[in-house]
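Examination of the molecular architecture
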Amino acid sequence: MIILKEIKKSFNKLQVLQGINLRIDRGEVVTILGPSGSGKTTLLRCLNFLEKPEKGIVQIGNIQVNAEKATKKDMLSIRKQSAMVFQHYNLFAHKTVLENVMEGLIVAKKMKKKDARNISERVLEKVGLADKLQHYPSQLSGGQQQRVGIARALALNPEVILFDEPTSALDPELVGEVLSVIKEIAREGITMVVVTHEMSFAKEVSDRVLFMDGGVIVEEGTPLEIFNAPKEDRTRRFLQRVS
Ligand code: ADP
């Protein structure tokens, strides 16, 4: 469902992605682990062309884009295949919870207001915020704001949801509620790619774990393989440091 071929990305002289190859099946939940600066976020952002790779091919669903030849239109059409949940939520401060979720449906999907409202109410209920529709982001906890971010992604009904460290800006006591919403969505069979530092979450929810270091995927496998029997030294050292 998702294919990446030889994705390369540099910032100035720093090559952050060294030629990433990856295939993800429909319905798969893939988590990406690795030390800070290893290129995890950049890889996620290259998937939807929030960062444009210098080289390589990105395919999501039936849309395939060659980075070297990509036009603005190509980038927009591949971006529409995914939805992103950001570390810092990126909500509109002057819009209500409901309006935040409706916005993408009305603007990007050109949906009628009534339909957008119905879908938005449904997904907000799913993330446990049915009683907060008319609140503004500043009236919510960080965990609730991130659940709005997740509802916004869900509403778009994308081929894949990309999560960029969705709990790392949260106070520890708020992490659990966000992870359990993500787990619930994962059970519904939505394809997900999750960059995370939450090892127990990765263990529990992933079909496949990727370990990145230095702009390459050093090792990948099932949670059991990666956490219980890592093959690579770099993976072992990382897991020892974080556990
Ligand atoms: P990770 O998510 O694994 O922490 P990132 O993908 O965020 O790693 O970053 C990888 C490297 O790329 C880091 O050295 C970071 O400083 C650099 N980098 C990321 N984004 C930019 C940018 N927009 N401009 C310049 N350097 C960047």
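You'll find the chain entered in an unreviewed UniProt entry as Amino acid ABC transporter ATP-binding protein, with Neobacillus cucumis given as the organism. You can read under Subcellular location (unreviewed entry) in the UniProt record for the chain the words "Cell membrane".

Considerations on the nonpolar core
The nonpolar side chains of a soluble globular protein tend to be buried, and buried together. Grouped together as the largest cluster of nonpolar side chains are 40 residues, with contacts concentrated most on Leu124, Val127, Ile150, Phe163 and Met192. Those residues in contact with Phe163 that sit more than four places away from it in its chain are Leu44, Val85, Ile150, Ile182, Met192, Val193, Val194 and Val195. Formed by 30 residues, the second largest nonpolar core is a distinct cluster that contains Leu22, Ile32, Cys46 and Met75.

Topic: the packing of aromatic side chains
According to the stated counting rule, one finds one aromatic pair in the structure shown. Taking the centre distance of 5.2 Å and the plane angle of 40° together, the rings of Phe211 and Phe238 count as tilted. Highlighted residues: Phe211 in strand β9 (residues 208–213) and Phe238 in helix α9 (residues 233–242), separated in sequence by 27 residues. Side by side, Phe211 and Phe238 carry an identical accessibility label, which is buried. Above the plane of the ring of Phe92 lies Lys95, whose end atom (NZ or CZ) is 5.9 Å from the centre. Against the face of Phe227 rests Lys203, its NZ or CZ located 5.2 Å from the ring centre.

Brief notes about the sheet that holds strand β10 (residues 216–221)
With respect to topology, six strands assemble into an open sheet ordered β6-β7-β8-β3-β9-β10, the strand pairing being mixed. Unpaired on one side and paired on the other, β6 (82–85) and β10 mark the two borders of the sheet. Direction aside, the axes of adjacent strands within the sheet are offset by 20° on average. Bridge count between β6 and strand β7 (residues 160–164): four bridges; the pairing is parallel. For Ala83, the partnering residue across the bridge sits in β7 and is Ile161. Contacts between helix α5 (residues 142–155) and the sheet are confined to β6 and β7, with β6 contributing the most and set at about 180° to the helix.

Observations concerning the UniProt feature "domain: ABC transporter" (unreviewed entry) in the chain
Per the UniProt record, the feature "domain: ABC transporter" (unreviewed entry) sits at residues 2–239. Regarding residues 2–239, the helix share stands at 38% and the strand share at 26%, and the terminal C-alpha atoms are separated by 27 Å.

As for the sheet that holds strand β2 (residues 14–24)
The four strands are arranged β2-β1-β4-β5 in an open sheet whose pairing can be described as antiparallel. Since the sheet does not close on itself, it has two edges, and those belong to β2 and β5 (63–66), each with one partner. Averaged over all adjacent pairs, the angle separating strand axes in this sheet is 20°, with direction ignored. Of the pairings in the sheet, the one linking strand β4 (residues 55–60) to β5 comprises four bridges and is antiparallel in character. The residue bridging Ile60 from the neighbouring strand is Ile63, located in β5.

Quick word on the side chain of Gln145
Among the secondary structure elements, Gln145 is positioned in helix α5. Residue classification places Gln145 among the buried positions, given a relative accessible area of 16%. Looking at Gln145, its side chain comes within polar contact range of the main-chain oxygen of Leu140, at 3.3 Å. Other than its neighbours up to four places away in sequence, Gln145 contacts Tyr89, Leu91, Pro137 and Leu140.

Re the packing of α5 against helix α6 (residues 172–187)
It is at 8 Å that the axes of α5 and α6 come closest, and there the two elements cross at 20°. The angle between the axes of α5 and α6 places the two elements in the roughly parallel class. Between α5 and α6 the crossing geometry is right-handed. Of the residues in α6, those in contact with Gly142, Gly143, Gln144, Gln146, Arg147, Ile150 and Leu154 of α5 are Leu174, Glu177, Val178, Val181, Ile182 and Ile185.

Focus on the site of the ligand
Taken together, the neighbourhood of the ligand is formed by Phe11, Leu14, Val16, Pro35, Ser36, Gly37, Ser38, Gly39, Lys40, Thr41 and Thr42. For the ligand, the accessible surface in isolation is 560 Å², of which the surrounding protein chains cover 61%. Sorting the residues of the shell around the ligand by element identifies β2 and α1 (40–47) as the ones contributing at least two each. Of the residues contributing to the shell around the ligand, the split by class is four nonpolar, six polar and one charged.

How each quantity is defined
- Residues numbered from 1 in each chain as written.
- Predicted model: local features only at pLDDT ≥ 70, side-chain atom pairs only at ≥ 80, totals over all residues.
- Heavy atoms only, no water.
- UniProt positions renumbered as here; feature names shortened; annotations may be inferred.
- Core = buried A, V, L, I, M, F, W, Y, C linked by side-chain atoms within 4.5 Å.
- Buried < 20%, exposed > 50% of the residue type's maximum accessible area, 1.4 Å probe, protein only.
- Contact = heavy atoms within 4.5 Å.
- Phe/Tyr/Trp six-rings, centres within 6.5 Å; stacked < 30°, edge-to-face > 60°.
- Helix = DSSP H or I, 4+ residues; strand = E, 2+ residues; numbered from the N terminus.
- Lys NZ or Arg CZ within 6 Å of the ring centre and 35° of its normal.
- Pairing = 2+ DSSP bridges.
- Axes fitted to C-alpha atoms, helices over the stretch in contact; angles between N-to-C directions.
- Polar contact = N/O pair within 3.5 Å; in protein donor to acceptor, adjacent residues only side chain to side chain.
- Parallel < 35°, antiparallel > 145°, perpendicular 65-115°, else oblique.
- Left-handed = near helix turned anticlockwise from the far one by under 90°.
- Near = heavy atom within 4 Å.
- Areas by Shrake-Rupley, 256 points an atom, 1.4 Å probe, with all protein chains shown as cover.
- Nonpolar A, V, L, I, M, F, W, Y, C, P; charged D, E, K, R; others polar.

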